Amino acid sequence: MSTKVAKAHSKFVRISPRKVKIVCDLIRGKDTGLARAILMQTPKAASEVMIKLLNSAVANAENNHEMDPDNLFVSETYANPGPTLKRIRAVGRGRAHRIFKRTSHITIVVAEKE
């Protein structure tokens, strides 16, 4: 027996995956309404991106899979590393240090409660 699921992806987000995973752990397994409320009150940069992604996943479930939006919960959420932008910063004595600007690929999966 397979349950219906709907996904939403956001790729190349300019936030480190380590920072996004903290927010992912807050909403995993929660109802979509509760997850949205948690994200609205979370003072993290990743929560703004996650709200948009959660709304997109709920809209995908409603429009593409004919699922009831009031009966959805966040079944999976994860953030994988994307490509890293390498930059140079000048330091003393004519040297340079490498700066890594990390990106994330974020996924939210919603499913219907049984």
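Below is a short write-up of the structure. What you see is a predicted model; the values in this text were computed from it and never measured.

1. Structural notes on the side chain of T107
Alright, step 1. Along the polypeptide, T107 turns up in strand β5 (residues 104–112).
Alright, step 2. The class for T107 is buried, based on a relative accessible area of 6%.
Alright, step 3. Reaching out from T107, the side chain makes a polar contact with the side chain of H9 at a distance of 3.1 Å.
Alright, step 4. For T107, the contacting residues outside a window of four places in its chain are A8, H9, L53, E76, T77 and Y78.

2. Considerations on the pattern of salt bridges
Alright, step 1. All chains considered together, the criterion is met by two salt bridges.
Alright, step 2. For D25, the salt bridge goes to R28, with nearest N and O atoms at 2.8 Å.
Alright, step 3. A relative accessible area of 37% means that R28 is categorised as partly exposed.
Alright, step 4. For K113, the salt bridge is made with D31, and the minimal N-O distance between the two is 3.2 Å. You can see K113 sitting in the segment after β5 and its partner D31 sitting in the loop between α1 (17–27) and α2 (32–41), a full 82 residues away along the chain.
Alright, step 5. Since its relative accessible area comes to 36%, K113 is described here as partly exposed.

So, how was this worked out
Residues numbered from 1 in each chain as written. Predicted model: local features only at pLDDT ≥ 70, side-chain atom pairs only at ≥ 80, totals over all residues. Heavy atoms only, no water. Helix = DSSP H or I, 4+ residues; strand = E, 2+ residues; numbered from the N terminus. Buried < 20%, exposed > 50% of the residue type's maximum accessible area, 1.4 Å probe, protein only. Polar contact = N/O pair within 3.5 Å; in protein donor to acceptor, adjacent residues only side chain to side chain. Contact = heavy atoms within 4.5 Å. Salt bridge = Lys/Arg side-chain N within 4 Å of Asp/Glu carboxyl O.

Honestly, that's just the spatial picture; any functional story needs more than this.
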